[in-house]
Amino acid sequence: QEKSLNLPVPLHELRPPTRGVFEREEVRRGFARLPAAGTRGIYLDFERYDFNEREGGGIESRAIMAGLAVDSGSAEATSASYHHAFAPTPDNERVMFEELVTLITSNLLNGSGDDGARTPVFHFSAFEPSTFARLSEEYGIGTDLLDQIDFVDLRDITVRVATIGVETYSLK
């Protein structure tokens, strides 16, 4: 970390899968979570906001925005289409989630779920799958998608397979 402080790009390296048994297994598990190159993917990010509008006082934390980037699935993909859903108030969270479920459903891999193929949904923390599950349960929407998508935590993979000279692996 200290050696990377004033560099434009932090020092980094992939962990070779030839180190000790524990590290070798961690690296293998990290790379094993990635789908085959060229697989169409969806990139998901939720943002939440703590509203100060709860009856009786207190803070109500709600998902207010979901961003979705969908790539073409080619190994040479250099761009993706971006979609979003927004909830300006806590009461709009359900509508935002309905829009997100529609967006994801319209971008599933062909045959997803029928033949065991699942669409990878990439994210960068445990927040996205837990928020998706919470909203599915709370509103009774999108539970069928859980059998058709595979959440792939890019932060977990990065931590397992790379060493990067930064203070935190957060995207923010």
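First, a word on what this report is: a plain description of the structure on this page.

Rules used in this analysis
- Residues numbered from 1 in each chain as written.
- Predicted model: local features only at pLDDT ≥ 70, side-chain atom pairs only at ≥ 80, totals over all residues.
- Heavy atoms only, no water.
- Buried < 20%, exposed > 50% of the residue type's maximum accessible area, 1.4 Å probe, protein only.
- Helix = DSSP H or I, 4+ residues; strand = E, 2+ residues; numbered from the N terminus.
- Pairing = 2+ DSSP bridges.
- Right-handed = clockwise from strand over helix to strand, strands pointing away.
- Expected span 1.5 Å × (residues − 1).
- Arc of directions from axis to C-beta.

Turning our attention to the pairing of strand 6 (residues 149–153). Summarising burial for strand 6: four of the five residues are buried, a large majority. Of the strand pairs in this sheet, strand 5 (residues 119–123) and strand 6 are connected by five bridges, and their pairing is parallel. Bridge pairing in strand 6 links Thr 119 to Ile 149. Taken together, strand 5, helix 3 (residues 127–139) and strand 6 form a β-α-β motif whose crossover is right-handed.

The end-to-end C-alpha distance of helix 2 (residues 93–106) is 20 Å, a good match for the 20 Å that 14 residues give at a rise of 1.5 Å each. Those residues of helix 2 not exposed but buried are Glu 93, Met 96, Phe 97, Leu 100, Val 101, Leu 103 and Ile 104. For helix 2, the angular spread of buried residues about the axis comes to 160 degrees, placing them on one side. Counted as exposed and oriented over 90 degrees from the buried face of helix 2: Thr 102 and Ser 106.

Just distances and angles here, no functional claims.
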